[in-house]
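# Fold and geometry: a report
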Amino acid sequence: MQGRWYQTQSGWAWARPAVSGDIVYFGDGSGEVIARDVSTGDRKWTTKVGQEPIAGANILVRSGVVVAPLYTYTVGLDAVTGRELWRFRAPDDTVGVQPGYIALPGTVAASRIDADDQTVYIPAWGASVSAIDLHTGKARWVWQPGRIDGDTAASGI
């Protein structure tokens, strides 16, 4: 099989690219989301969304919004212009932290996000799933399981 085009990028990213129409959207290792023409590889836009790689399992496109998970937050971008629409930080992965311990941020690295035409579903390490409005980034709901005896998150470790 022969490739149509090849473009270098900075670093690596974990997220699987998304295709919508004649545009492919992907992340790179320096925190950029890039839109390119599927046929030619010509760059349509690039948006810097952070300093870390695009670290989620996938990028997705729904209803004109590109959604890209980094390490501890997820961004929504306008699919045509690349303008940032919203930024959502996953809930801390530890609750009820004992004095002297620090709550760690929930991470979306390696998590697979999904969406319908109105809501993005973001699972995060630390046991949470957030339902976020696709166009505004506001939380519709956040689910976190109850803690049980012996749960390391409940003990603050």
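Computed from a prediction, not measured in an experiment: that's the story for all the values here. (Residues numbered from 1 in each chain as written. Predicted model: local features only at pLDDT ≥ 70, side-chain atom pairs only at ≥ 80, totals over all residues. Heavy atoms only, no water.)

Moving on: the environment of T81. When you line up the elements, T81 lands in the loop between β7 (73-78) and β8 (84-89). Residue class for T81 comes out partly exposed when judged on its relative accessible area of 48%. Put simply, T81 and W45 are 36 residues apart on the chain and 6.7 Å apart in space, counted from C-alpha to C-alpha. A distance of 3.2 Å separates a polar atom in the side chain of T81 from the backbone nitrogen of R83. (Helix = DSSP H or I, 4+ residues; strand = E, 2+ residues; numbered from the N terminus. Buried < 20%, exposed > 50% of the residue type's maximum accessible area, 1.4 Å probe, protein only. Polar contact = N/O pair within 3.5 Å; in protein donor to acceptor, adjacent residues only side chain to side chain.)

The residue D37 is located in strand β3 (residues 32-37) in this model. In this structure D37 touches W5, D22, I23, D42 and K44, once residues within four positions along its chain are discounted. (Contact = heavy atoms within 4.5 Å.)

The subject of this paragraph is the pairing of strand β11 (residues 128-133). With 5 of 6 residues buried, β11 lies mostly within the body of the structure. Here strand β10 (residues 119-124) runs beside β11; their pairing, made up of 6 bridges, is antiparallel. Among the inter-strand pairings, I122 is bridged to a residue of β11, identified as S130. Remark: 3 residues form the turn of the hairpin made by β10 and β11, two consecutive strands paired antiparallel; G126 in that turn has positive phi of roughly 100°. Sheet topology places β11 next to strand β12 (residues 139-143); 4 bridges connect them, and they run antiparallel. By the bridge assignment, S130 is partnered in β12 with V142. Between the antiparallel neighbours β11 and β12 lie 5 residues, among them G137 with a positive phi of about 80°. (Pairing = 2+ DSSP bridges.)

All right, on to the nonpolar core then. Ranked by internal contacts, the top residues of the largest apolar core, which has 18 residues, are Y25, V33, I54, I59 and V66. Taken together, the elements giving at least two residues each to this core come down to β2 (23-27), β3, β6 (65-69) and β7. Looking at this core, the element that brings in the most residues is β7, giving 3 residues. Counting residues in hydrophobic clusters, the runner-up holds 14 residues, among them L60, V108, I122 and I132. (Core = buried A, V, L, I, M, F, W, Y, C linked by side-chain atoms within 4.5 Å.)

With the rule as written, the count across this model stands at 2 aromatic pairs. Relative to W45, the ring of Y25 lies with its centre 5.9 Å away and its plane at 45°, an arrangement referred to as tilted. Highlighted residues: Y25 in strand β2 and W45 in strand β4 (residues 43-48), separated in sequence by 20 residues. For the pair Y25 and W45, one class covers both residues: buried. Residues Y121 and W141 carry aromatic rings whose centres are separated by 6.3 Å and whose planes lie at 45° to one another, so their mutual orientation is tilted. Taken together, the residues span a long stretch of sequence, with Y121 in strand β10 and W141 in strand β12 at a distance of 20 residues. We classify W141 as partly exposed; its relative accessible area is 43%. (Phe/Tyr/Trp six-rings, centres within 6.5 Å; stacked < 30°, edge-to-face > 60°.)

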